[in-house]
Structures are given as C-alpha cells and as structure tokens.
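# Topology and contacts: notes
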Amino acid sequence: MSVPHRGMTEQAAQASIDQACRMLRLPSIRTAFPELAEQATREQMSYLGFLAELLLTECDDRARRRSERRIKAAQFPRDKSLRAFDFDANPNIDPATIHTLATCEWVKKGQPLCLIGDSGTGKSHLLIALGTEAAMKGYRVRYTLATKLVNELVEAADEKVLAKTIARYGRVDLLCIDELGYMELDRHGAELLFQVLTEREEKNSVAIASNESFSGWTRTFTDPRLCAAIVDRLTFAGNILETGTDSYRLAQTRARAEQAS
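Parameters and conventions
Residues numbered from 1 in each chain as written. Predicted model: local features only at pLDDT ≥ 70, side-chain atom pairs only at ≥ 80, totals over all residues. Heavy atoms only, no water. Helix = DSSP H or I, 4+ residues; strand = E, 2+ residues; numbered from the N terminus. Expected span 1.5 Å × (residues − 1). Buried < 20%, exposed > 50% of the residue type's maximum accessible area, 1.4 Å probe, protein only. Contact = heavy atoms within 4.5 Å. Polar contact = N/O pair within 3.5 Å; in protein donor to acceptor, adjacent residues only side chain to side chain. Salt bridge = Lys/Arg side-chain N within 4 Å of Asp/Glu carboxyl O. Pairing = 2+ DSSP bridges. Axes fitted to C-alpha atoms, helices over the stretch in contact; angles between N-to-C directions. Disulfide = S-S within 2.5 Å. Phe/Tyr/Trp six-rings, centres within 6.5 Å; stacked < 30°, edge-to-face > 60°.

### A closer look at helix H3 (residues 47-74)
For H3, built from 28 residues, the straight-helix expectation of 40 Å at 1.5 Å per residue is met to within 8% by its first-to-last C-alpha distance of 41 Å. Three or more residues of H3 are buried, namely Leu54, Glu58, Ser67 and Ala74. On its buried face, H3 sits against helix H2 (27-42), helix H6 (123-136) and strand S2 (141-145).

Printed below as a string of structure tokens:
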C-alpha cells in the first residue's frame, strides 16, 4: 500500500506530476497541468472541477491525435475542407445537401455517393472534404485514384494476393475513388474493380468522383453488362450529386487574368 505524500513542496509536486504523467502516458496533462493549476487557483475551482479539466484535456487531445492518424491513413493527396469550398462559385451545389452529407449518416448506413460533373466543378474537393469529415468522425477512410486502384488490383492478381488486397479495401468504412471515367479500363481491370465494389456492397460506403455522366461510362467500362452492374453498385440506395459543367477554376483564372490586364 502506497504512503500518501503529504507536506510536499510545490516544486516536488510538479516533478512528481511530470514523472507520473510520463509513466501513465498522459502527455497532454503533463503539458497542460501548470497552466490549468494556475487557472484553478484563480477561479477557485473545486478539486473535482480541476480533475475534470485535466482528464478532458487528455481526452480531447487523444481524440484529435486519432483523427489526425485516420486522416493521414486515408492518403488524401492534399488538404481540402468544406469550410474552404466556394459555394457561391458553383450554384449547382446546394450547401444544405453538402452539410447533410457531412453528418456522415450515409457512411454509417453503408450507402454510396456519386459526384458527377466536368473538370473544375469541385468534385475532388468535395470528395476529399467529405472523406476528411468521415475520418474526423471516427470512420476508417481510404482515398485512391481509379486507375491507381485498378493497377494495384492487377498487380495483386499477378502476385496471387488479390483476395487479400480486395479484403483490405473491403474493410475500410469509406472508400473514395477519384477520377473514375478519365481513362478507359480493359475488361480485366473493370472486373477487378467490380469485385471491390461487390465486396463492399450494402456493407461499407463507396464515394466516387467522375467527369462522365452514367450514360458515358460505356467508354470507361466497354462491356455494357459489366458497366450496368457497376453503375447499379454505385447508385443503389445512394446519393447522386451533379456538380455541373461550368469550371469555376477556369472562371477564377480568367477573372485573375482580367484583373491583371
């Protein structure tokens, strides 16, 4: 049984707290306790109130670090947030719809999301931003380009590890596939992609961004029956958001050029 440490000096108490936090792996409390102790003295906080502040500081910091790890694990190519999205530049996109999607109920239900529109209309921004929101809410997220995913699947098939690779992509809560439709996929590549979608069907969400309307997907998936099956996997009980045809990136470039001239 440990003996209470009574009559400890302030300096000794601080050293003891620092050592205990290291042993118990409480880095946030170790960093914050001097300032919180001063605040508790100023505000005449109760012992319970002070303890609650310390523990909540550690909990909040751990939640932030977990969120950062999930965002890093998603392998997004760049940082994009909903706060930074310019809704005024693209009137086709309803802010209320995006904010509803940001609650991630569709991820919880395993529903798909399709972002369809021309280049420069905000598809990738929204895909990454919504994926980031999901990661911040505790979901496991993975981002990839469509061609990169297919190439990885082809290599996995050649190396006899296809089942393992498909299972890995099947486990994440949200799979974000960008630039679907930019390049034609041969039948083998399309079949492998279909296997990933089938693995996730009605269990875990898939979000895609494509510059082609569904009617144009036959140029990407040249087998009509396979194309129809993939469209069915990505639209059943899902959300479809059309971002339009007017590139706001191009409009911004033109506006800057006019201002410069």
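Moving on, there is more to tell.
### As for the side chain of Asn90
Tracing the chain through its elements places Asn90 in the loop between H3 and helix H4 (95-101). What makes Asn90 buried here is its relative accessible area of 2%. One polar contact links the side chain of Asn90 to the main-chain carbonyl oxygen of Thr243, over a distance of 2.9 Å.

### Considerations on the pattern of salt bridges
It is possible for side chains of opposite charge to pair when their charged atoms get near one another. Applying the stated criterion to the full structure yields 15 salt bridges. Of the charged contacts in the structure, one is a salt bridge between Arg233 and Asp232, with a shortest N-O distance of 3.7 Å. Within this structure, Glu58, Asp61, Arg62, Arg64, Arg65 and Glu68 form a network of salt bridges that share partners.

### Structural notes on the sheet that holds strand S5 (residues 239-244)
Ordered in space as S2-S3-S4-S1-S5, the five strands form an open sheet in which the pairing is parallel. The open sheet terminates on both sides in strands that have one partner only, identified here as S2 and S5. Adjacent strand axes in the sheet meet at a mean angle of 15° when their direction is disregarded. The pairing of strand S1 (residues 113-117) with strand S4 (residues 205-210) spans four bridges and is classified as parallel. Its bridge partner being in S4, Leu115 is matched across the sheet by Ala209. Sheet strands in contact with helix H9 (residues 187-200) are strand S3 (174-180) and S4, and its direction is about 150° off that of S3.

### Examining the pairing of S2
With four of its five residues buried, S2 lies for the most part within the structure. Sheet analysis places S2 next to S3, joined by five bridges and oriented parallel. Paired with Leu145 across the strands is Asp178, a residue of S3.

### Quick notes on unusual backbone geometry
In this model, Gln75 sits at a positive phi of 65°, which is unusual for a non-glycine residue. Locating Gln75 in the fold gives a position in the loop between H3 and H4.

### Structural notes on the state of the cysteines
Tallied over the full model, the rule gives zero disulfides. Note on Cys21: no disulfide assigned, nearest cysteine sulfur contributed by Cys59 at a separation of 13 Å. Sulfur of Cys227: no disulfide; nearest cysteine sulfur belongs to Cys114 and is 12 Å away. Judged by its relative accessible area of 4%, Cys227 falls in the buried class.

### Remarks on the packing of aromatic side chains
In total, this model carries four aromatic pairs according to the counting rule given. On the numbers, 6.1 Å between centres and 55° between planes, the contact of Phe76 with Tyr143 is tilted. In this pair, Phe76 sits in the loop between H3 and H4 while Tyr143 sits in strand S2, placing the two residues 67 residues apart along the sequence. Across the pair, exposure class does not vary: Phe76 and Tyr143 are buried alike. A centroid spacing of 4.9 Å and a plane angle of 70° characterise the contact between Phe85 and Phe87, whose relative ring orientation is edge-to-face. For the pair Phe85 and Phe87, a shared accessibility class is recorded, and that class is buried. A connected cluster of aromatic rings, assembled from ring pairs, spans Phe214, Trp217 and Phe221.

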